Amino acid sequence: MSESDIVRSILKYLKTVPGCFCWKEHGGMYGTAGIPDIIACIGGRFYGFEVKTDKGSPTRSQEAVIGKIRKADGTAAVVRSYGEVEDILKNSIPGFAVCENCGKPFIRNGSRQKYCDSPECRNARNRKKAKAYYQRKKSR
Ligand SMILES: [Zn+2]
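Quick notes on the rules
- Position numbers for residues count from 1 along each chain, tracking the sequence in the order it is written.
- Local features are withheld for residues below a pLDDT of 70 in this predicted model, meaning they are given only at 70 or higher, and side-chain atom pairs are given and counted only at 80 or more; totals for whole chains, interfaces and linings count all residues.
- Numbering of helices and strands starts at the N terminus; helices are DSSP runs of H or I of at least 4 residues and strands are runs of E of at least 2.
- Residue pairs are scored as contacts if the distance between their C-beta atoms, which are placed from the backbone, is within 7 Å.
- Here the limits of each domain have been adopted from an automatic or database domain assignment.
- A pair of strands is considered paired only if DSSP assigns at least 2 bridges between the two.
- Lines fitted to C-alpha atoms define the axes here, with helix axes fitted over just the stretch in contact, and angles between the N-to-C directions of these axes take values from 0 to 180 degrees.
- Residue burial here comes from a neighbour count, namely the number of other C-beta atoms, placed from the backbone, that lie within 10 Å of the residue's own C-beta, with 20 or more meaning buried, 12 or fewer meaning exposed, and in between meaning partly exposed.
- Looking down the strands as they point away from you, a crossover is right-handed if its path from the first strand over the helix to the second goes clockwise.
- Nonpolar core, as used here: buried Ala, Val, Leu, Ile, Met, Phe, Trp, Tyr and Cys residues forming one set through C-beta atoms within 7 Å.

**Description of the environment of cysteine 102**
Logical step 1: Of note, cysteine 102 is situated in the loop between β5 (96-98) and β6 (105-107).
Logical step 2: For the pair cysteine 102 and methionine 1, spaced 101 residues apart in sequence, the C-alpha separation works out to 25 Å.
Logical step 3: Residue contacts for cysteine 102: discarding those within four places in its chain leaves Cys116, Ser118, Glu120 and Cys121.

**Digging into the domain arrangement of the protein chain**
Logical step 1: Structurally, the protein chain comprises domain 1 (3-93) and domain 2 (105-139).
Logical step 2: Using only C-alpha atoms to locate each centre, domain 1 and domain 2 end up separated by 33 Å.

**A few points about the sheet that holds strand β1 (residues 20-24)**
Logical step 1: Reading across from one edge, β1-β2-β3-β4 is the order of the four strands in this open sheet, with mixed pairing throughout. Bordering the open sheet on either side are β1 and β4 (75-79), each of which pairs with just one other strand. Taken pair by pair, the neighbouring strands of this sheet meet at an average axis angle of 15°, ignoring direction.
Logical step 2: Looking at chain direction, β1 and strand β2 (residues 38-42) are connected through five bridges and run antiparallel. Directly across from phenylalanine 21, in β2, lies its bridge partner cysteine 41.
Logical step 3: Contacting β2, β3 (45-51) and β4, helix α3 (residues 82-92) crosses the sheet at an angle of about 155° to β4.

**Comments concerning the pairing of β3**
Logical step 1: A large share of β3 lies buried, amounting to five of its seven residues.
Logical step 2: What sits between β2 and β3 in their antiparallel hairpin is a turn of two residues, with glycine 43 showing a positive phi close to 55°.
Logical step 3: Bridging between β3 and β4 involves five bridges; their strand directions are parallel. Bridged to glycine 48 within β4 is alanine 76.
Logical step 4: Taken together, β3, helix α2 (residues 60-71) and β4 constitute a β-α-β crossover, and its handedness is right-handed.

**Structural notes on the nonpolar core**
Logical step 1: Counting 13 residues, the largest nonpolar core has Ile10, Phe49 and Val51 as its most contacted members.
Logical step 2: When residues of this core are traced back to their parent elements, those giving at least two are α1 (3-14), β2, β3 and α3.
Logical step 3: With residues near it in sequence (within four places) discarded, isoleucine 10 still touches Ile38, Phe49, Val51, Val79, Tyr82 and Val85.

What follows is the structure in structure tokens.
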């Protein structure tokens, strides 16, 4: 995967995250040196993702900016896949979870919630519950 492919997959993923506003930062001569490739604001939290391939490593100015974002209490990291972004969100957003039915991220409103609030996934949960109830009944 090229760096731009990884950027695209991360942006695609972030679009599924509730309460997320994000964009691809375009460098160039008028940009500020070292600004991470992807900037996101999720539920009031600031994120900067510097995207690299397996072999890539951040430049000095990129490392410096990551340090500055962290100093300002934001989250910044070098990432090599959207999975790494997902792990960072899991660890930094309370209640962040992945729906067991559709695989989309959602924010839990109860500690044991496993499915998102989409009607389809609610139905899937209810079907599963009904099935479990039936099986419990049968085994008695
Ligand atoms: Zn779902």
